[in-house]
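# Observations on the model geometry
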Amino acid sequence: MKFLIAVCTCFSKLFVSLRKLLFGACKLLVMGVCTSSLSSKMAPESCVRVRKSRSYSSVSLPPSSYSMFSSSVAMPWFGLDIGGSLAKLAYFEPTDNTEAEEQEVETLKNIRKYLKNNRSYGDTGHRDVHLQMNNVLIGGRRGSLHFIRFPTSEMALFIELAKSKGMATLASTVCATGGGAYKFERQFYKELHMRLHKFDELDSLIRGIEFMEANNQTECYYLENPKSETTEKKCYDFSDPYPFMVVNIGSGVSILKVTAPGQFTRVSGTSLGGGTFLGLCCLLTGCTSFEEALELASQGDSTKVDKLVKDIYGGGYEKFNLDGNLVAASFGQMISTDRRAKVRREDLARATLVTITNNIASIARMCALNEKISRVLFLGNFLRSNMISQKLLSYGMEYWSKGALKALFLEHEGYFGCVGCLLELITQREDYILKENLKNNVVNGTATVNGTTEPLPTDVSGSSNPPEMRNGSS
Ligand SMILES: Nc1ncnc2c1ncn2[C@@H]1O[C@H](COP(=O)(O)OP(=O)(O)OP(=O)(O)O)[C@@H](O)[C@H]1O
Ligand SMILES: CC(C)(CO)[C@@H](O)C(=O)NCCC(=O)O
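Values in this document were obtained by computation on a predicted structure and should not be read as measured data.

### Notes on the sheet that holds strand E18 (residues 406-410)
With respect to topology, 7 strands assemble into an open sheet ordered E11-E10-E18-E17-E12-E13-E14, the strand pairing being mixed. Either end of the sheet is taken by a strand with one partner, and the two such strands are strand E11 (232-235) and strand E14 (263-270). Going from strand to strand, the sheet's axes swing by 30 degrees on average, the running direction of each strand aside. Across 4 bridges, the pairing between strand E10 (residues 220-224) and E11 is antiparallel. The residue of E11 that forms the bridge with Glu224 is Glu232. Sheet strands in contact with helix H13 (residues 345-371) are strand E12 (244-249), strand E13 (253-260), E14 and strand E17 (375-379), and its direction is about 155 degrees off that of E12. Packed on one face of the sheet, helix H14 (residues 387-400) meets E10, E12, E17 and E18 and runs near 150 degrees to E18.

Here's what the structure looks like:
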């Protein structure tokens, strides 16, 4: 009898272990199955490259296998990153809807149509159509990723707009990151009955970078001949990326060292960032937008504002290899009344841009050397449509490191935080289902692979609880 019990126990343990193994394998596959195409302007043929395979890309599963995990995360799938200057929204629009989903509640349909059919929302919201990614596979669903941004200062209007589109009638949890996820949490709940499930902004950022890079062949690029008029964007094969450094230039600047998937430390930062550029530019030139500031800068000459090495030496400082055209003192010419009288707004805008960019390049370089890292990824919306800074960063990194450091850039500039946040929504939910299934297996020795779970706890703290199930379409 004892022998019989021992054999039964053994078989039952084996059964549970096998199931665990199966779920583990399925989870890895589900989290990794992602392919996409970018409907971007930049996708020259020269950019198509053969990618070394990475554990979480290019695996395919039959659709039935992933539906058990992610179908329970009801639509719409949003990831919101509320930063100091800009709020960014990633919206996943499924294109593989089932018949039941086609019958989705009217409000959801309207929201989908509204987001998809417009490029502007209110006066200040914009959809970056050129960055849209089609045919993406996220959490077992196929669809398009849309990218929308608006100024954080307009959050009240955004909430009003969302309310007018009926968001308040959908009891919902939205995944949010960035400082604003904390700052505006109450407002979201009060006005939209919406809980913000909060995720750390830097965790989300790294997750978003890894996902986008793995799913867009032309995401990562560098500039060839950054000093010349004929600078060219070239694709960079970033499929074997670790370790690398991230310099995220938002309102302020965060500098991270990434050593493995999802593993990073924040090594430094500086308060002289994109917010400083725009703030100083508004003060000095009277401009009122980032676009205007960049336009002015593109027409300006910073050497009318800065003091160069040759203004001091009459040429280069040969002994220490300082070229005569290097900036010796940013804004150094502005101590002269004459020069101040002659300087143009354009020159001031250019000098502000050059000063901020060079300072970031200098800090990034020191961090990279200190951490013994050679690839530095620059991102954040400061670099949006900002070729002047991209060139300066590329040249600065290469010149000062004598070619040891490489500046890299990403097409989706400032959208990685919100994408990472959207992915958290899916995987937290999957994790939860998997945990529940495993728990059930251990308790009653049976597998519940249909994804049904007990009613979920709701939590606004963003800790271990999964995102609330939505009652819209499912
Ligand atoms: N339309 C825009 N309006 C305002 N700033 C813009 C705009 N487009 C680009 N920028 C630049 O991008 C910066 C904000 O970048 P980003 O969205 O990456 O950071 P953030 O999330 O707002 O800031 P942080 O991460 O520091 O909280 C601004 O400071 C500005 O330099
Ligand atoms: C405060 C954050 C992290 C908000 O995104 C960012 O603006 C930043 O990194 N600022 C620089 C802070 C510093 O390290 O001096």
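Past the structure itself, the notes keep going.
### Some points on the domain arrangement of the protein
How big an interface is tends to be stated in terms of accessible area lost as the parts join. Domain annotation for the protein reports domain 1 (77-213 + 418-434), domain 2 (220-300 + 344-410) and domain 3 (306-342). Of the roughly 1,200 Å² buried between domain 1 and domain 2 on both sides combined, carbon and sulfur atoms contribute 65%. Counting the surface domain 1 buries against domain 2, the share from its top three residues, Leu202, Ile206 and Glu213, is 40%. Counting across the domain 1 and domain 2 interface gives 0 salt bridges. Counting across the domain 1 and domain 2 interface gives 3 residue pairs in polar contact (both at pLDDT 80 or more). Breaking the side of domain 1 that touches domain 2 down by element, the ones donating at least two residues are strand E3 (86-94) and helix H8 (201-215).

### Some remarks on the state of the cysteines
Counting across every chain of the model gives 0 disulfides. A disulfide-free cysteine, Cys175 has its sulfur positioned 5.1 Å from the sulfur of Cys421, the nearest such atom. Note on Cys175: relative accessible area 1%, which makes it buried. By relative accessible area, Cys421 is classed as buried at 0%.

### A look at the packing of helix H9 (residues 274-285) against helix H10 (residues 290-298)
Look at H9 against H10: their axes get within 10 Å of each other, and the N-to-C directions meet at 70 degrees. Accordingly, the angle class assigned to the pair H9 and H10 is roughly perpendicular. Seen from H9, the contacting residues are Phe277, Leu278, Cys281 and Thr285; seen from H10, they are Phe290, Ala293, Leu294 and Leu296. Among the residues making up the contact of H9 with H10, the classes are represented as 7 nonpolar, 1 polar and no charged.

### A word on the site of ligand 1
Every one of the 19 residues lining ligand 1 counts as a neighbour, but Gly84, Ser85, Leu86, Lys88 and Ser251 are closest to it. A distance of 2.8 Å is found between an oxygen atom of ligand 1 and a backbone nitrogen or oxygen belonging to Ser85. Here an oxygen atom of ligand 1 and a side-chain polar atom of Ser251 are 2.8 Å apart. Out of a free accessible area of 640 Å², ligand 1 has 86% covered by protein chains. Elements supplying a minimum of two residues to the shell around ligand 1: E3, H9 and H10. Top contributing element to the shell around ligand 1 by residue count: H9, with 3 residues. When grouped by side-chain class, the residues that make up the shell around ligand 1 number 4 nonpolar, 10 polar and 5 charged. Looking at which domains feed residues into the shell around ligand 1, each of domain 1 (77-213 + 418-434) and domain 2 (220-300 + 344-410) supplies at least three.

### Side note on the environment of Lys88
Residue position: Lys88 is located in strand E3. Look at Lys88 and you get buried, because its relative accessible area is 9%. For Lys88 and Thr152, which are 64 residues apart along the polypeptide, the C-alpha to C-alpha distance reads 8.9 Å. When sequence neighbours within four positions are dropped, the list of residues in contact with Lys88 reads Gly79, Leu80, Asp81, Gly83, Ile148, Arg149, Asn381, Gly414, Tyr415 and Cys418.

### Describing helix H4 (residues 106-117)
The first and last C-alpha atoms of H4 sit 16 Å apart over 12 residues, in line with the 16 Å expected at 1.5 Å per residue. Residues of H4 that are buried: Leu108, Ile111, Arg112, Tyr114 and Leu115. For H4, the arc enclosing every buried residue in end-on projection is 165 degrees, short of the 170-degree limit, so these residues lie on one face. Exposed side of H4, more than 90 degrees from the buried face: Glu106 and Asn117 are the residues found there. Next to the buried residues of H4 lie strand E2 (77-82), E3, strand E4 (120-121), strand E5 (125-127), strand E7 (141-151) and helix H5 (155-164).

### Quick word on the pattern of salt bridges
Note on pairing: side chains with opposite charge can pair once their charged atoms come close. Applying the stated rule across the entire model yields 12 salt bridges. For the salt bridge of Glu292 with Arg345, the shortest nitrogen-to-oxygen distance reads 3.5 Å. Of this pair, Glu292 sits in helix H10 while Arg345 sits in helix H13, and the two are 53 residues apart along the sequence. When its relative accessible area of 28% is taken as the criterion, Glu292 is described as partly exposed. Since its relative accessible area comes to 35%, Arg345 is described here as partly exposed.

### A short note on a nonpolar patch on the surface
Together, Leu280, Leu283 and Leu284 make up an exposed nonpolar region whose accessible area comes to about 290 Å². You can see Leu283 is positioned in helix H9.

### A look at the environment of Gly316
As for its position among the elements, Gly316 is in the loop between helix H11 (309-313) and strand E16 (327-329). When near neighbours in sequence (up to four residues on either side) are disregarded, Gly316 contacts Val309, Leu322, Asp323 and Gly324.

### As for the packing of aromatic side chains
Applying the stated criterion to the full structure yields 17 aromatic pairs. Look at Phe277 and Phe382: their rings are 5.8 Å apart centre to centre, the planes differ by 75 degrees, and that puts the pair in the edge-to-face class. Taken together, the residues span a long stretch of sequence, with Phe277 in helix H9 and Phe382 in the loop between E17 and H14 at a distance of 105 residues. Residue class for Phe277 comes out buried when judged on its relative accessible area of 0%. Residue class for Phe382 comes out buried when judged on its relative accessible area of 2%. Ring geometry for Tyr313 versus Tyr317: centroids 4.5 Å apart, planes at 20 degrees, classification stacked. One residue, Lys198, lies across the ring of Tyr182, its end atom 5.3 Å from the ring centre.

Cut-offs applied
Residue indices follow the written sequence of each chain, beginning from 1 at its first position. As a convention, the first chain written is A and the first ligand written is 1, with the rest following in written order. Two thresholds apply to this predicted model, a pLDDT of at least 70 for residue-level local features and 80 or more for giving and counting side-chain atom pairs, whereas whole-chain, interface and lining totals are computed over all residues. The side-chain values count all of the structure's non-hydrogen atoms but skip hydrogen atoms and water molecules. We call two strands paired when DSSP finds no fewer than two bridges between them. Starting at the N terminus, helices and strands are each numbered in turn, a helix being any DSSP run of H or I of at least four residues and a strand any DSSP run of E of at least two. Angles here are taken between N-to-C directions and fall from 0 to 180 degrees, while the axes themselves are lines fitted to C-alpha atoms, restricted in helices to the stretch in contact. Working rule for contacts: check all heavy atoms of both residues, and any pair within 4.5 Å makes them a contact. In this document the domain limits rely on a domain assignment from an automatic tool or a database. Note on definitions: buried area is the accessible-area loss of two parts on being combined, 1.4 Å probe, summed for both. The term salt bridge refers to a side-chain nitrogen of Lys or Arg lying within 4 Å of a carboxyl oxygen of Asp or Glu. Counted as a polar contact is a pair of N or O atoms within 3.5 Å, where, for protein atoms, one must be capable of donating a hydrogen and the other of accepting one, and residues adjacent in sequence contribute only when both atoms are in side chains. Disulfides are defined in this document as cysteine sulfur pairs within 2.5 Å. In this scheme, a residue with accessible area under 20% of its type's maximum is buried, one over 50% is exposed, and one in between is partly exposed, where area comes from a 1.4 Å probe on protein chains only. With respect to orientation, any angle under 35 degrees is reported as roughly parallel, any angle over 145 as roughly antiparallel, any angle of 65 to 115 as roughly perpendicular, and every other angle as oblique. For this scheme, ten residues count as nonpolar: Ala, Val, Leu, Ile, Met, Phe, Trp, Tyr, Cys and Pro. Four count as charged, namely Asp, Glu, Lys and Arg, and the remainder, Gly too, count as polar. When at least one non-hydrogen atom of a residue lies within 4 Å of a molecule or strand, that residue is treated as near it. In this description, accessible areas are obtained by the Shrake-Rupley approach with a 1.4 Å probe, and a residue is regarded as covered only by the protein chains that are shown. To estimate how far a helix should extend, the number of its residues minus one is multiplied by 1.5 Å. By arc we mean the arc of the directions from the helix axis to the C-beta atoms, nothing more. Like charges within 9 Å and nonpolar side chains (Val, Leu, Ile, Met, Phe, Trp, Tyr) within 5 Å are joined into patches, using only residues over 30% in relative accessible area that form no salt bridge. Pairing of aromatic side chains here covers Phe, Tyr and the six-membered ring of Trp, requires ring centres within 6.5 Å, and sorts the geometry by plane angle: under 30 degrees stacked, over 60 edge-to-face, intermediate tilted. Charge-over-ring placement is defined geometrically: NZ (Lys) or CZ (Arg) within 6 Å of the ring centre, and within 35 degrees of the ring normal.

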